[in-house]
Amino acid sequence: MSFAILATEPLAPQVTRFRVSAPRVARSHRAGQFVIVRVEANGERIPLTVSDADADAGWIELIVQAVGHTTSVMAGLGAGDELPDVVGPLGRPTDVEAYGTVAVVGGGVGTAIAYPAAVALAAEGNDVVAIIGARTKELVILEDEMRQVAGQVIVTTDDGTKGRHGFVTDALADLITERTIDRVIAVGPIPMMRGVAEVTRPQAIPTVVSLNPIMVDGTGMCGGCRVLVGGETRFACVDGPEFDGHQVDFDILDLRNRAYLEFEACHRQEPSDAHA
Amino acid sequence: MPTRKERLAMSRTAMPTRPADERRNDFEEVALGFDAGAVVTEASRCLLCRRPPCVDECPVGVQIVDLIEHVAEGRFAEAAEIVAADNSLPSICGRVCPQERQCEGACVMGRKRDPIAIGAIERFVADYIPPAAPAAETTGHKVAIVGSGPAGLACAGDLARAGHDVTVFEALHELGGVLVYGIPEFRLPKSVVADEIGRLEAQGVAFETDVVIGASDSLDDLLVTHDAVFIGVGAGLPRFLNVPGEHLIGVFSANEFLTRLNLMKAYEPDSETPIIDIGGLPVAVFGGGNTAMDAARSAVRLGAGSVTVFYRRSDEELPARREEIEHAKEEGVVFELLTSPLELRGNDEGKLTSVVLQRMELGEPDESGRRSPVPLEGDTFETDVSLAIVAIGNAPNPLLTNASPDLEVGRRGTLVVDDGGATNKTGVYAGGDIVTGGATVILAMGAGRRAAAAINEYLVGA
């Protein structure tokens, strides 16, 4: 069994959207879940969050940033190519209830993971405020899609080339003084998720972050993705990937994701997903 | 044929193994197996007991005496059929069963002399001639097997032989479960596992990889398309020590360490999956079971400067197969018995640098019947370690049971089943580590076979 790539679309420099035939995953997928993908016969297993799925048509979409060897090889593939392995959907789905007003915060390619959560939360009747940030204008992704589901969209760029000049955390800090925010979901690089958790901590706004540790099997077997949450060891693949941002030990997550940096230099294992 | 007296005078034929100095540098198989001469000689030692205790101790009930009698007469093809009648994975069992606690442990010859080398004989026969797949008349019943490890494969083999239409679903990208991700090449070559799976395919068993039941499809989805389901998903959730420092870089579960090596072939230059470079560095393994031995011996092969197994009880309680312990020692693995890790320490880059250990002594027997280790107050020491492997067992993987809340789950997260492996849900059976917690390949196979018999009865009546 292999998994055909049906279409690809460049979203930003180094960032590509893949539509992949994976009927089982498409049928069972819910927002927040991921798949494990192998790109080559001798390739590593990497987790990629599903950004969209169509159960009837049998496809899923993956938004991938080329940051290491495996994602770079994947970036070179196009419609008609096949992925040897796509397995999932794995991990717990995003908690979706009627919370009221939810701020969905995406940093860089993390926006690809935040987007399906925004869709699901809006469908449940929440008023969604999307804050999407990037280093610079070209790296802002899914802005149009977010506008379809969010009542308000705030774009930030680090260099001020688009939207508000600054970080998503600055925008969020202002937002929570301007209006009542009942819940926050943040997906992006570790410093950004840590920053979001610190912004919301004083008001104790429930804040969910989606973690990106290194994984091998993705089904609870290896324990490589273990994270410390509220002083307890949890496995991101089966207990997460979403956790209470106020309880996560980001220092340990950051350290563990550096385990293979030496290998990364010669193209080896990359931390999971689009968070880089 | 030798007389009884002559048999008693013969000594056990040693399994030929590659020299430790050679094998510690590669991942090729250590034990080479008997040749035709050696296997006949060894088989001719057997007293051919009329009430053989070895058969009683075999979890799958191989007719050992019948087997050995045929081997002693050089009738290997018939011997292979005898094994295949009760054991759908004999090449694997001959290599990984703890024979000293099962058939060979019960061997009458072993009371005063060395027991017959039953495991080595079984291995020879299984490797010598692949058993022909007996054609079965199809029943039209469809059975789904969840997990392609030893329990699932054994169950699939028996059900296919009974004529059922069997599909095995595997979560990983390769078939074999713990036989491929857990047990290293040097102890169980992947080609042996592939051959056994090939025989099942020849019997009509279908296999699908990359399917996680409980995620890709639910158990109820399977019950729509199949008449019965067998769950053999194993105990795949690694236990950790719960000591400070366990999140340091360089601390692995044995599952992760072995999966990177065995499944992902991290030791091969063209594999894209990395393993931390331990060339010349000290490695610690915590635990004393087969998995700990596999991890320690794998670390030797990666060029570690030293490999030490830290185990909290004494040599006598080491749960690993004796042969694995001896092989590990021959390959230079050091055993620090009666020690237990207190803390893992690292540098400011978050990398493991040392471990602090507590010396223990043996106290009163615990609920397992083994004398429980008790800390010797104040007797601690610290030793340099660059890579630590935690091999203290696995808990049942909750993925499927969480997704199927109507399945009855026991106190430790294991599935509750009756003697035939039936769960509380009609048509759903289970066996192996998901029922027992972490145990052995052969016990899982035995459970798979019992469940196959129960499923057959459920589908077609006794």
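About the cut-offs
- Residues numbered from 1 in each chain as written.
- Chains lettered and ligands numbered in written order.
- Predicted model: local features only at pLDDT ≥ 70, side-chain atom pairs only at ≥ 80, totals over all residues.
- Heavy atoms only, no water.
- Helix = DSSP H or I, 4+ residues; strand = E, 2+ residues; numbered from the N terminus.
- Buried < 20%, exposed > 50% of the residue type's maximum accessible area, 1.4 Å probe, protein only.
- Contact = heavy atoms within 4.5 Å.
- Areas by Shrake-Rupley, 256 points an atom, 1.4 Å probe, with all protein chains shown as cover.
- Domains from an automatic or database assignment.
- Buried area = accessible area lost by both parts, 1.4 Å probe.
- Salt bridge = Lys/Arg side-chain N within 4 Å of Asp/Glu carboxyl O.
- Nonpolar A, V, L, I, M, F, W, Y, C, P; charged D, E, K, R; others polar.

**A look at the overall build of chain B**
For chain B, the count of helices and strands is 19 helices and 15 strands. Dimensions of chain B, computed from the C-alpha atoms along their principal axes, are close to 65 × 60 × 50 Å. Scored against the burial criterion, the 462 residues of chain B give a buried share of 59%. Relative to all contacts within chain B whose residues are 6 or more apart in sequence, the contacts with residues 24 or more apart total 69%. Carbon and sulfur atoms make up 48% of the accessible area of chain B, which totals about 18100 Å².

**Re the domain arrangement of chain A**
Much of the literature gives interface size as the accessible area that the parts lose upon coming together. Residues and elements named next belong to chain A. For chain A, the assigned domains read domain 1 (3-90) and domain 2 (101-210). Placing the centre of domain 1 and that of domain 2 at their C-alpha centroids yields a distance of 24 Å. Each side of the interface is counted separately: domain 1 has 11 residues, and domain 2 has 12 residues. Here domain 1 and domain 2 share an interface that buries about 940 Å² over both sides, 73% of which is from carbon and sulfur atoms. The interface formed by domain 1 and domain 2 holds one salt bridge in total. The residue Glu145 makes a salt bridge to Arg17 at a minimum N-O spacing of 3.2 Å. A per-element tally of the side of domain 1 that touches domain 2 places strand β4 (residues 46-54) first, with three residues. Across the side of domain 1 that touches domain 2, the residue classes tally to seven nonpolar, three polar and one charged.

**A short note on the domain arrangement of chain B**
All names here are of chain B. According to the domain assignment, chain B contains domain 1 (4-126), domain 2 (142-236 + 395-460) and domain 3 (240-392). Domain 1 and domain 3 are separated by 31 Å when their C-alpha centres are compared. Contacts between the two partners involve 15 residues from domain 1, matched on the other side by 15 residues from domain 3. Roughly 1200 Å² is buried in total at the junction of domain 1 and domain 3, and carbon and sulfur atoms are behind 47% of that figure. By the criterion of area lost to domain 3, the three top residues of domain 1 are Arg23, Arg24 and Phe27, representing 51% of everything that side buries. Counting across the interface, domain 1 meets domain 3 through two salt bridges.

**A short note on unusual backbone geometry**
Across the junction of A:Gly88 and A:Pro89, the peptide omega takes the value 0°, indicating a cis bond. Here A:Pro89 is to be found in strand β7 (residues 85-90). Following A:Gly240, the chain continues to A:Pro241 via a peptide bond in cis, the omega torsion being 15°. By the secondary structure assignment, A:Pro241 is in the loop between α7 (236-239) and β16 (242-244). For A:Gln14, which is not glycine, the phi dihedral falls at a positive 70°. Along the chain, the position of A:Gln14 falls in the loop between β1 (3-12) and β2 (15-21). Residue classification places A:Gln14 among the exposed residues on the basis of a relative accessible area of 51%. Phi is positive for B:Leu48, close to 50°, though the residue is something other than glycine. The partly exposed category is assigned to B:Leu48, whose relative accessible area is 21%.

**Let's talk about the side chain of B:Thr414**
Tracing the sequence through the fold places B:Thr414 in the loop between α17 (398-403) and β15 (428-430). Apart from residues lying up to four places away in sequence, B:Thr414 is in contact with B:Pro396, B:Glu408, B:Val409, B:Asp433, B:Ile434, B:Val435, B:Thr436 and B:Gly437.

**Structural notes on the side chain of B:Ser340**
Among the structural elements, B:Ser340 can be located in strand β10 (residues 339-346). With a relative accessible area of 18%, B:Ser340 lands in the buried category.

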